[in-house]
Amino acid sequence: MTDEVTSPPAPERTVTGVSITLDGVVKRYRGQDVPAVERLDLEIEAGDIVAFVGPSGCGKTTTLKMINRLIEPSEGRILIGGRDVTNEHPDKLRQSIGYVIQSGGLFPHWTVAKNVGAIPRVLGWDRKRIAERTEYLLDLVGLDPATFADRLPKDMSGGQQQRVGVARALAADPPVLLMDEPFGAVDPITRVRLQDSLIAIQHELGKTIVIVTHDFEEATKLGDKVLILSEGGHIEQYARPEEILTSPATPFVQEFVGSGAKLAYLTVQRVRDVECDAVVTARIGEPSRTVIDRAKAAGQSWVVVVDEAGRPRSWPTLDEVGSKPEVSDYLDRRLPVIARSSTLNDALDAMLAASQGAALVTDGRGAVVGSLSIGSVTETIQTKLADVRSEEPELSYETYVDGTDPAPTPVVAAEDEPGTPGDEPGTSQGEPGAQAEVS
Ligand SMILES: Nc1ncnc2c1ncn2[C@@H]1O[C@H](COP(=O)(O)OP(=O)(O)O)[C@@H](O)[C@H]1O
Ligand SMILES: [Mg+2]
């Protein structure tokens, strides 16, 4: 019977990434009595983007760099794709982990092509393979290879340099990509473009990406999950963005996400203010075949079974419909149903509890008028929050942070030391004569 069912509208997601596990990881820097990271247990799923966010000095960079062992953990284990890498050779490990830092961290006297090919050359790829890979990657990150391959970083904007940084990190096709405040030094418009570009790249490649940011909005935009840390690498909350927005786990998180604006917004905003998605309805006793054809024609993989008054009774998949010759009468008592007058807060509660990740929207008489997904609510909230923040900057959690990371680290550095090319924050032009020390 499965041959009668259309594939779901959401395409299967590609996953080429692997899981990352931090098991009791501790970092004590020499000469410091308090550990920078006290004891961290964390599970990152293959193919997810996880955003680390938290106030300056809480241990985000330390944690990130322990994953590729640019910083050695004092205790604990790190597993990548289930493999304990704690005792693996760090250089070898780093070849399988892409690393992106602020301003791209490019070698200033190397052309774009030479920068992108850095790790493949170390790995001994032949020239043709490196050239093909470079062309593919520049195209992937939105740079025309013919225009940019032979340029020097100083002749490119900050955003373009950052794109090259991403291409370089992906060069050897690593399953894992680590990014430390990658978009911290570009102007806000370029930043949004780079974020969107990263989402598109991730959609295509399905890597596991860990991104450090001090911008909560960036974290919720990019992260499948967001890890909110407080001092000492202490986990305040690790959850999907919508869950953090709607159920902050601790007062710290609440303050961090600017609870006032958000919750007020969620409880003021109504379901009717958000555009619903269309649903296909079916009557009890209708031939299943007809219903399935109708749903397929509408591009839907679920149908809403309604009574004579159009009130929803169940919300089966086409598979379930196809298992019987005709639509059967079954009242699902746990059906996620919200009224158009419900607040978005209530709507999210209903959706989060439902397996469909969505809820049915009903009118004043209880008849179904459409459905609403978590995604569209989250999007509305984020749009609204961006507006709120631009009007009242103090509503954001900027009071907790002191800005950008001052010392980017070279991508292929063997040790944890600063000293890389860099341009100045906020500029979109590369700085000629960047003060780099490349050995
Ligand atoms: N190389 C180092 N030596 C000693 N202390 C360090 C070093 N790097 C970072 N720290 C300290 O460890 C803590 C966490 O730093 P870091 O991981 O850089 O935080 P974040 O990236 O969240 O701003 C801070 O208190 C910082 O001062
Ligand atoms: Mg940092």
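Residues numbered from 1 in each chain as written. Chains lettered and ligands numbered in written order. Predicted model: local features only at pLDDT ≥ 70, side-chain atom pairs only at ≥ 80, totals over all residues.

Q: Sorry, what's going on with the overall build of the protein here?
A: Helix and strand content of the protein: 16 helices and 16 strands. The burial tally for the protein puts 41% of its 439 residues in the buried class. (Helix = DSSP H or I, 4+ residues; strand = E, 2+ residues; numbered from the N terminus. Buried ≥ 20, exposed ≤ 12 C-beta atoms within 10 Å, placed from the backbone.)

Q: Please clarify how the sheet that holds strand β5 (residues 83-84) should be interpreted in this entry.
A: In sheet architecture, strand pairing relies on hydrogen bonds along the backbone and comes in two forms, parallel and antiparallel. If you walk across this open sheet you meet the 4 strands as β2-β1-β4-β5, and the pairing is antiparallel. Both outer strands of the open sheet, β2 (37-44) and β5, are each paired with one neighbouring strand and no more. As paired elements, strand β1 (residues 20-27) and strand β4 (residues 75-80) share 5 bridges and run antiparallel to each other. Paired with Leu-22 across the bridge in β4 is Ile-78. (Pairing = 2+ DSSP bridges.)

Q: Which parts of the structure should I look at to understand the pairing of strand β8 (residues 208-213)?
A: Where a strand is regular, its side chains alternate between the two sheet faces. Judged by how many residues are buried, β8 sits mostly within the fold: 6 of 6 residues are covered. Here β8 shows no split at all, with Thr-208, Val-210 and Val-212 on one side and Ile-209, Ile-211 and Thr-213 on the other all buried. Sheet topology note: the strand β7 (residues 176-180)/β8 ladder contains 5 bridges and is parallel. Residue pairing in the sheet places Val-176 in a bridge with Thr-208 of β8. Crossover β7 to β8 through helix α8 (residues 188-205) is right-handed. (Right-handed = clockwise from strand over helix to strand, strands pointing away.)

Q: Any chance you could explain helix α15 (residues 344-353) here in plain terms?
A: Since there are 3.6 residues in each turn of an α-helix, residues three or four apart along the chain are aligned in direction. Among all positions of α15, only Leu-344, Ala-347, Leu-348 and Met-351 are buried. Buried positions in α15, seen along its axis, are confined to an arc of 100° and lie on one side of it. (Arc of directions from axis to C-beta.)

Q: What is the right way to read the sheet that holds β7 from this model?
A: On the basis of which strands lie adjacent, the open sheet formed by 6 strands has the order β6-β7-β8-β3-β9-β10 and mixed pairing. At either margin of the open sheet sits one strand with a lone partner, and together these are β6 (97-101) and β10 (234-239). The sheet shows a mean angle of 15° between the axes of neighbouring strands, direction not considered. Bridge count for strand β3 (residues 49-53) against β8 is 5 bridges, and the pairing is parallel. Note on β8: the bridge partner recorded for Phe-52 is Val-212. Each of β3, β7, β8 and β9 (225-230) is contacted by helix α1 (residues 60-67), which is oriented at about 155° to β8, the strand it contacts most. (Axes fitted to C-alpha atoms, helices over the stretch in contact; angles between N-to-C directions. Contact = placed C-beta atoms within 7 Å.)

These results come straight from atomic positions and should not be treated as a statement about function.
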